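Chain and residue survey
What follows is the residue order along each chain.
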Amino acid sequence: MKTNRRCRALLAVSLNLMALLFSTTAFITTHWCEGTQRVPKPSCGKEKKTNCLNYGGNETANGTNQNVVHYSWETGDDRFLFRYFHTGIWYSCEENINAAGEKCRSFIDLAPASEKGVLWLSVVSEVLYIMLLVVGFSLMCLELFHSSSVIDGLKLNAFAAVFTVLSGLLGMVAHMMYTQVFQVTVSLGPEDWRPHSWDYGWSFCLAWGSFTCCMAASVTTLNSYTKTVIEFRHKRKIFEQGFREEQNFLDQEAIKYFRERSVQSVPPPGEVSMGSAAFRNPRLSPTSA
C-alpha cells in the first residue's frame, strides 16, 4: 500500500512539474499565433534592390532583376510582400523587410480598446494559474518527502488536489480569453498588423499541454486520496468485524465458565433435603441426639 501511494504521488509530482514548465514557457514566449501579413513592398533604393517597387524605372532598365516590380496601377498582388509574424501574450514580432531580424511591438497596444480589459484579465488568470501550480507542486513534494504520518499525507494530498484543480480551471479560462482577444484583434486591429493568414503556434500547444498535465495531476492526486481513504475504511471494517467476533467468543466463553461454576457450587438433592429438615426440626439434628 505504501509503495503504491508513493508511486502515485511521484506520478502526480511529475505531471505537475511538466504543467508548470509548459505554462511558464508559453507565458513568456511569443508563438501563440503565427502566420503571414500582406504589406506593400518598399521603394527601391541604394540599400534596397530586391523585393521592392521601382517608381522611376531607371534603375532596372535592362530588367535583369526579377525581384524589382515596376510600379503601375495594374500590378495587383505583386506590389505586396508576405512577411512572417508571431504573437504572444505580451509581444507581437514581425519580420523586418527593410533589414535583417525582427521588430516587436506590444500586443496589449495592438488589441482594440474594447478587448483590453479581457486581455488583462487573461494575463492575471495566467499568473494565478502558474502561482497555484507552484502551490500544488510544493504541497505534493511535502506529501511525498516530508509527511510524517499517513493522516498528514492525506491532508496535504487533499489540499494539493484542490489547488491543482483550481489552477487548471483558471488556465483554461485564460487560454480561451486570449484566443477570443486575438480573433477580435485580427478583425479590428491596426491595418498594418492584420494577418493575411494565421494559425496557432507551438506556445499555444504548450499552454493546452500544460492544462492537460495539470488536470492529469489533479486526477492522480484525487485518485490517490480516495483510494487511500477506501483502503483505510476497508481495513477498519475488517478490524471491527474481527473485534466483534472475538468479543462474542469471549462472552460465550465467560458465560460457559460461569455456568460450569454455578453447577459445581450447587449441592446434591439429598444433602439439601437433610439440611433443610434439620433446620426445620432441631430434635433431628446430630447435636440433639
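Residues numbered from 1 in each chain as written. Predicted model: local features only at pLDDT ≥ 70, side-chain atom pairs only at ≥ 80, totals over all residues. Heavy atoms only, no water.

1. Quick look at the overall build of the protein
Counting its secondary structure elements, the protein contains six helices and seven strands. The N-to-C order of helical and strand elements in the protein reads α-β-β-β-β-β-β-α-α-α-β-α-α. For the protein, buried positions account for 35% of its 289 residues. Pairs at least 24 residues apart make up 70% of the contacts formed inside the protein by residues separated by at least 6 positions. Entry remark: accessible area of the protein is about 18,000 Å², with carbon and sulfur atoms responsible for 62%. (Helix = DSSP H or I, 4+ residues; strand = E, 2+ residues; numbered from the N terminus. Buried < 20%, exposed > 50% of the residue type's maximum accessible area, 1.4 Å probe, protein only. Contact = heavy atoms within 4.5 Å. Areas by Shrake-Rupley, 256 points an atom, 1.4 Å probe, with all protein chains shown as cover.)

2. Structural notes on the UniProt feature "transmembrane region" (unreviewed entry) in the protein
Those residues carrying the UniProt feature "transmembrane region" (unreviewed entry) are residues 127–146, 158–180 and 200–226 in this numbering. Taken end to end, residues 158–180 has its terminal C-alpha atoms 34 Å apart, with 100% of it in helix and 0% in strand. (UniProt positions renumbered as here; feature names shortened; annotations may be inferred.)

3. Points about the packing of aromatic side chains
This model, assessed by the stated rule, comprises 14 aromatic pairs. Look at Phe 107 and Phe 182: their rings are 6.2 Å apart centre to centre, the planes differ by 25°, and that puts the pair in the stacked class. One end of the pair, Phe 107, is in helix 2 (residues 107–110); the other, Phe 182, is in helix 4 (residues 150–188), and 75 residues separate them in sequence. Judged by its relative accessible area of 1%, Phe 182 is buried. Seen in terms of ring centroids, Phe 182 and Trp 193 are 5.9 Å apart; in terms of plane orientation they differ by 80°. Their pairing is edge-to-face. (Phe/Tyr/Trp six-rings, centres within 6.5 Å; stacked < 30°, edge-to-face > 60°.)

4. Comments concerning empty space enclosed by the protein
The final tally for this structure, using the stated rule, is one cavity of 30 Å³ or more. Approximately 60 Å³ is the volume found for the largest cavity. Secondary-structure elements contributing two or more residues to the lining of the largest cavity are helix 1 (2–28), helix 3 (116–145), helix 4 and helix 5 (202–265). Looking at the lining of the largest cavity element by element, the count peaks at four residues for helix 1. (1 Å grid on protein atoms, 1.4 Å probe; cavity = no way out; pocket = protein on both sides within 12 Å on 5 of 7 lines; lining within 4 Å. Points joined across faces, edges and corners; volume = space filled by probe spheres on them.)

5. Re the nonpolar core
Counting 27 residues, the largest nonpolar core has Trp 32, Phe 107, Leu 119, Tyr 178 and Phe 182 as its most contacted members. For this core, the elements supplying multiple residues, two or more each, are helix 1, helix 2, helix 3, helix 4 and helix 5. In this structure Tyr 178 touches Trp 32, Thr 87, Gly 88, Ile 89, Phe 107, Leu 119 and Ser 122, once residues within four positions along its chain are discounted. (Core = buried A, V, L, I, M, F, W, Y, C linked by side-chain atoms within 4.5 Å.)

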